[in-house]
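Residues per chain, in single letters:
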Amino acid sequence: DIPWSMKSWTWGSSPDIDLAARSTYHALFPRSWTVYSDPTNSNSRIEITSKQVSPFIPDNYTDSSLPTAVFEFTIVNSGDKDEDVSLMFTFENNDGGDEKDEAEHLRSNSSTAPRRHASTFDASGGNGSVVESAGISMRHTRRRKIAFEKGEDERMSTPVEEPLCSCTGPLKPPATYEEKTTFAMAVPGQEDGVDVSASVGFDPTNTVACEQLWTAFANDGRLGELNGDVKSTVGEQASALCQKTTVKANSSVTLKFSLSWDSPLAIFGCGDGLPRRHSIFFPNPASSQSSATAPALATIALTKYKSWEAEIDAWQGPVLNSPAVPSWFKNQLFNELYYLTDGGCVWVDSTQARKNDRGGAGEGDAVKMDRNSGSVGDVDILAVCVAAIAKMEEINKESQTAQGDSAVIGEFLYLEGHEYIMYNTSDVHFYASFALAKLFPQIQLSVLRDFGLSVFQEDIEERKLLGEGERALRKVNGALVHDLGSPSEYPILKVNAYNFQDVSRWKDLPSKFVLMIVREVKDESVDKTAFLKAVWPAMQSCMDRAATLWDSDNTGMIKNEGFPDQTYDVWIADGVSAYTGGLWVAALFGMSKIAARMEDMERSLSYLDKAKRAKAIYNETLWNGEYYNYSEKGRYNSGSIMADQLCGQWWTRICGLENVCDEDVKAKSSLRKIHEYNVVRWKELCGGVLNGAVNGMKPDGTVDSSCLQSMEVWTGTTYGLASEFLCEASAIKGDSEEEKKERAWLWNAGFETARGVKEAGWEQYGFGFATPEAWDRKGAYRSLGYMRPLSIWSMVYDMDLGKEWF
């Protein structure tokens, strides 16, 4: 709804105009387009296309970190007379806080900065290497309470009460910290035929101020002059930029705006912060030049966005032009990537949560100022841009061969889901990791290095778990981490925010860690020696611990313990299980391969022996002639048809390892059973609409109702299942008619399975750009906006896009 203060903003010549009926939205991440036909309802024959561009560029480890975007408006006049057109870009200087933040800022004695501060800037007079710009910088400062207090051991923390109680002294108020963010919006400077005007620091909650702004825009097509400096201690603040031009008959004009946001430190609940990746290219936040960072970001965006688009076109073109995949899949593949920017993502320049020994220019190495050039205050914005671009080029080149060294790449954190506030959840990232492995492999290697280091961490905090109420240590030495912590504490140092089950007893985590590493080093032509040396000790530690604890009879196969001890954390498996057991077999084959790479043939042969024995037990215990039973034991669900039963087999195909299934026909038979029951019969139960793959079905054609998760569709595992269909299709190398028919069926079944996520989730249920973890037969979702659906990238991970498969 339009705020009451802006009721005078008619958004056209009539308040009754239905702009939605005159506009069409198109998305192909990281770009989107909105087409507006005759937006003022005046029969002007004007059409405006707004294109939004973000620098999400595969294998670019500098530009892709920049918090900025460009909005390009193409105005087409198909009429026979010239038209004056004005575009106004407004933005609120808001930090997402509420009245409590306002009160905290006012009461804090240590806060000397105004709550909000808007001022204009003019970046002109350069040498032409950077686009000249003009715009508005909007800084805000707020004080926030520290949520957790670190103890002597940084990894230990306790919630802070209100007020904080000291056992050795009087009560004291909660500790606070100051957080600063600057937004900037900019337009190209001094473009012929374009008039630029502005309104700096108006109150968007004030009806009179908003009405005056709209009246000026509607009547004259312009605002005030582009200068001003407005500080406010209380209340809200916004600013506006306006561009006015004449579009001649039967011609077009393009106008551009850019937006940037600079919050140089990612500050966590303990009050400590780490520098964001982009901040190392710009003046040190503590220096007097830091005020130029947001305007410089906006200026760089205007300078580089066309080259960004060229790189995006080169990346997306092979998929968009591919005969190998259906058309609906092409936009779904790219649009699911939204989560790598909208998933609570934080990319910091640190190693093991310690600031790397480098950063932006400080006071001692300040960027040389050209007094004849445009500035904000006393800082030369264009010089800051030139220095930043040079530094980005240098660091991006270094990043290409970093082998995941976080001293070069930094550390990337993203949430399991918008509702599951845990960073880099390892069991879920296992599926989602295909996106990073394909597009930003150095970041993926960095994540795996962090997982490896976590194996040797220990946290003796004892917690009561929510699942069954037992108490358990937060982190056990030798166990792979479940997650790298929460933003409310101190991630990386304070791990395992998850407290539902005892993750030190989860059986899938070591296998998943190993298999991701095997996938990353599959191409032996690329040197990954330093990476392998960094993670190999952790691989051995967590796998050997798992064998000691859960293969007590030394058969080679680990067993589930009759509680939800894997990613399906309310779905019980007991004994040998299709999911955990298959992953274990695949991981043992992977360990043998890596041990050989590390020239440890004794270990290689030992792991290979265990893998072969485990494989035999897996097939003998679970194969029932049509598919693999859910688990060896189980009163209600041992014979259930699990959609994800071939997860281990899928990863052996991905990694080029020996198969989990002892006969190829078993994988294909299982897939036919899963398709018939978990996809097609499930579709029938959902009213005839493709709905993805339900997790569990009974052999009698009913849904496995033994728990919540067995009755759900998991979007990410549905994509993973679709990928397994494609992997088995690709494994058929022959050209007999029977082989061609089998290959075509597997290929089409895979895309049919995946299409259910789009048709049900994005089209029927309206979950676009917020794909949830799960939904049930009625479309009730769980965890809207989730990490696992990035697994759609597994479907093209090793695909020959130039081949027509179906």
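Predicted model, so just to flag it, every value in this text is computed and none were measured. (Residues numbered from 1 in each chain as written. Predicted model: local features only at pLDDT ≥ 70, side-chain atom pairs only at ≥ 80, totals over all residues. Heavy atoms only, no water.)

Peer 1: Describe the overall build of the protein chain, listing the residues and the values that go with them.
Peer 2: Along its length, the protein chain carries 17 helices and 32 strands. The buried share of the protein chain, reckoned over its 806 residues, is 58%. In the protein chain, of all internal contacts separated by at least 6 residues, the share reaching a separation of at least 24 is 72%. Carbon and sulfur atoms form 49% of the exposed surface of the protein chain, whose accessible area is close to 31400 Å². (Helix = DSSP H or I, 4+ residues; strand = E, 2+ residues; numbered from the N terminus. Buried < 20%, exposed > 50% of the residue type's maximum accessible area, 1.4 Å probe, protein only. Contact = heavy atoms within 4.5 Å. Areas by Shrake-Rupley, 256 points an atom, 1.4 Å probe, with all protein chains shown as cover.)

Peer 1: Can you tell me about the sheet that holds strand β30 (residues 713-714), naming the residues and giving the values?
Peer 2: Pairing in this open sheet of three strands is antiparallel, and the strands run β30-β31-β32 from one edge to the other. At either end of the open sheet lies a strand with only one pairing partner, and these are β30 and β32 (781-782). Where β30 lies against strand β31 (residues 774-775), two bridges are found, and the strand directions are antiparallel. Looking at β31, one finds that V713 is bridged to W775. (Pairing = 2+ DSSP bridges.)

Peer 1: Give me the environment of T34: which residues, what numbers.
Peer 2: Looking at the secondary structure, you find T34 in strand β2 (residues 31-37). Between the C-alpha atoms of T34 and Q52, which are 18 residues apart in sequence, the distance is 8.7 Å. Non-local contacts of T34, meaning those with residues more than four positions away in its chain, are made with S23, T24, Y25, I48, T49, S50 and Q52.

Peer 1: Provide a residue-level description of the pattern of salt bridges, including the pertinent values.
Peer 2: Evaluated as defined, the whole model comprises 43 salt bridges. Notably, a salt bridge pairs E309 with K306, separated by 3.8 Å at the nearest N-O pair. Of this pair, E309 and K306 both sit in helix α3 (residues 293-320), separated by three residues, roughly a single helical turn. By relative accessible area, E309 is classed as buried at 6%. Classification of K306 by relative accessible area gives partly exposed; the value is 47%. The shortest N-O distance in the salt bridge between R672 and E742 comes to 3.0 Å. You can see R672 sitting in helix α15 (residues 664-685) and its partner E742 sitting in helix α17 (residues 737-764), a full 70 residues away along the chain. (Salt bridge = Lys/Arg side-chain N within 4 Å of Asp/Glu carboxyl O.)

Peer 1: How would you summarise the side chain of N691 if you had to cite specific residues and measurements?
Peer 2: Within the secondary structure, N691 sits in the loop between α15 and β29 (696-697). Note on N691: relative accessible area 1%, which makes it buried. Here the side chain of N691 touches Y765 through a polar contact of 2.9 Å, side chain to side chain. In this structure the side chain of N691 is engaged in a polar contact, spanning 2.8 Å, whose partner is the side chain of W775. Excluding anything up to four places from it in sequence, N691 contacts W682, C686, V713, G756, A760, Y765 and W775. (Polar contact = N/O pair within 3.5 Å; in protein donor to acceptor, adjacent residues only side chain to side chain.)

Peer 1: Hey, could you go over the packing of aromatic side chains for me, with residue numbers and the actual values?
Peer 2: Geometry of an aromatic ring pair is reported as the spacing of the ring centres plus the angle between the planes. Within this structure, the stated rule accounts for 44 aromatic pairs. An angle of 70° between the planes, with centres 5.0 Å apart, marks the rings of F29 and F56 as edge-to-face. You can see F29 sitting in the loop between β1 (23-28) and β2 and its partner F56 sitting in the loop between β3 (46-53) and β4 (68-77), a full 27 residues away along the chain. Residue F29 shares its accessibility class with F56, and that shared class is buried. Between Y765 and W775 the ring centres are 5.5 Å apart and the planes differ by 75°, which places this aromatic pair in the edge-to-face class. Here W775 lies in strand β31 and Y765 lies in the loop between α17 and β31, a separation of ten residues in the sequence. (Phe/Tyr/Trp six-rings, centres within 6.5 Å; stacked < 30°, edge-to-face > 60°.)

Peer 1: How would you summarise the sheet that holds strand β13 (residues 238-247) if you had to cite specific residues and measurements?
Peer 2: Taken together, the three strands give an open sheet; going across it, the order is β5-β13-β11, and neighbouring strands pair in antiparallel fashion. Edge positions in the sheet fall to β5 (83-92) and β11 (195-202), since each has one partner strand and no second. For this sheet the average axis-to-axis angle between neighbouring strands, irrespective of direction, equals 15°. With ten bridges connecting them, β5 and β13 associate as antiparallel partners. Within β13, the residue paired with E83 across the bridge is V247. Of the strands in this sheet, β5, β11 and β13 touch helix α2 (residues 207-220), which is tilted by about 160° from β5. (Axes fitted to C-alpha atoms, helices over the stretch in contact; angles between N-to-C directions.)

Peer 1: Requested: an account of helix α11 (residues 529-550), with residues and values cited.
Peer 2: If you check α11, its first and last C-alpha atoms are 31 Å apart, about what 22 residues at 1.5 Å a residue would give, namely 32 Å. The largest bend in α11 amounts to roughly 40° and is located at V535, with the proline P537 lying one to four residues further along. (Expected span 1.5 Å × (residues − 1). Bend = angle between axes of the 7 residues up to and from the residue.)

Peer 1: Which residues make up the nonpolar core, and what values go with them?
Peer 2: Counting residues in each nonpolar core, the largest one holds 161 residues, and the members touching the most others are L337, F513 and W793. Top contributing element to this core by residue count: helix α12 (residues 578-597), with twelve residues. Non-local contacts of L337, meaning those with residues more than four positions away in its chain, are made with F29, F56, W315, A435, L439, L790 and W793. If you look at the next biggest cluster of nonpolar residues, it comprises 31 residues, including L66, Y305, V379 and I395. (Core = buried A, V, L, I, M, F, W, Y, C linked by side-chain atoms within 4.5 Å.)

On their own, these measurements won't tell you what the molecule is for.
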